[in-house]
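Residue-level listing of the chains:
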Amino acid sequence: MLQAATDAAPRSPHLVLCELKNQPLPGLESYSPFCLKVHRALRAAGLAYESRTATTPDGHRDVNPQRQVPVLLIDGRPIADSTPILAALAALHPTPAWAAVDPREHAEALLWEELADTALNGFLVASRWADDRNWPNLVTAYFGGAPWPVRRFIAPKLRRRVVAGLVARDIWRAGPDACWRRFQILLDALDRRAPATGFWLGEHLGLADLALFAQLHSLRTPLTPWQHAQLQARPALLAWLDRVDQATR
């Protein structure tokens, strides 16, 4: 006799991650750290998903009028921005480990996520768009397949706009030397705080791990060799990054 329908396992939702089309580097699913954050969260949760790509964020305007990525479609329902996306994933079955925390721990995780999504992201954007040492790498990675007028005229125009935004965010206001001194101070603090074993807030992978990892791991590429070397020089932080990388592949 067949079991009642109520005894059946919950149906897995149909998940589609809307992101930008790019040619990611080995070990980096997306140039966007926020898309990378969602990729790794989905994998850590063991949830199957599809990828829907567009050349520009405007290609996803049908699911996000703000024209930003990532957007996650859950059975066709769009959720934009990595923070609400991870909150939605935490509510799905099976429940990800990062949802099973007490309110105090969750509050601390949100603070680490805010640090990652604002301060660390500012340094990541500066490393790619403002750092003269890395700008040729970014042009090749982002615009290598574009027509020469795009590389010659559009890319520098976009760069000026991004750098102006970094100045407004107080990341680049005092210039490169001050920016990278602050970056090193922050990395030193994170290296001293990094756990010797386990994950950022305990023995289980959590929201803080996913948020911090997405920004820092995005610096571990040939696009930003100086910043990558700074991470390599901090063993405790590096070991934790490797543990998160292994746990979310």
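Computed from a prediction, not measured in an experiment: that's the story for all the values here.

A. Molecular detail of the nonpolar core. Ranked by size, the top nonpolar core spans 60 residues in total, and within it L89, L190, W200, L216, L237 and W240 carry the most contacts. Looking at which element gives the most residues to this core, the answer is helix α3 (residues 103–130), with 10 residues. Once residues lying within four places of it in the same chain are set aside, the contact partners of L89 are A41, L42, L47, L72, P96 and W98. Counting residues in each nonpolar core, the second largest holds 5 residues, with V16, C18, V71 and L73 among its members.

B. Molecular detail of the pairing of strand β1 (residues 15–20). Counting buried residues along β1, 5 of its 6 residues qualify, which places the element largely inside the surrounding structure. In the sheet, β1 pairs with strand β3 (residues 71–74) via 4 bridges, with the strands oriented antiparallel. Residue pairing across strands places V16 opposite L73, the latter belonging to β3. The sheet contact formed by β1 and strand β2 (residues 50–54) spans 5 bridges and is parallel. Across the sheet, L17 pairs through a bridge with S51, a residue of β2. In this view, the connection linking β1 to its parallel neighbour β2 by way of helix α1 (residues 33–45) has right-handed handedness.

Rules of the game
- Residues numbered from 1 in each chain as written.
- Predicted model: local features only at pLDDT ≥ 70, side-chain atom pairs only at ≥ 80, totals over all residues.
- Heavy atoms only, no water.
- Core = buried A, V, L, I, M, F, W, Y, C linked by side-chain atoms within 4.5 Å.
- Buried < 20%, exposed > 50% of the residue type's maximum accessible area, 1.4 Å probe, protein only.
- Helix = DSSP H or I, 4+ residues; strand = E, 2+ residues; numbered from the N terminus.
- Contact = heavy atoms within 4.5 Å.
- Pairing = 2+ DSSP bridges.
- Right-handed = clockwise from strand over helix to strand, strands pointing away.

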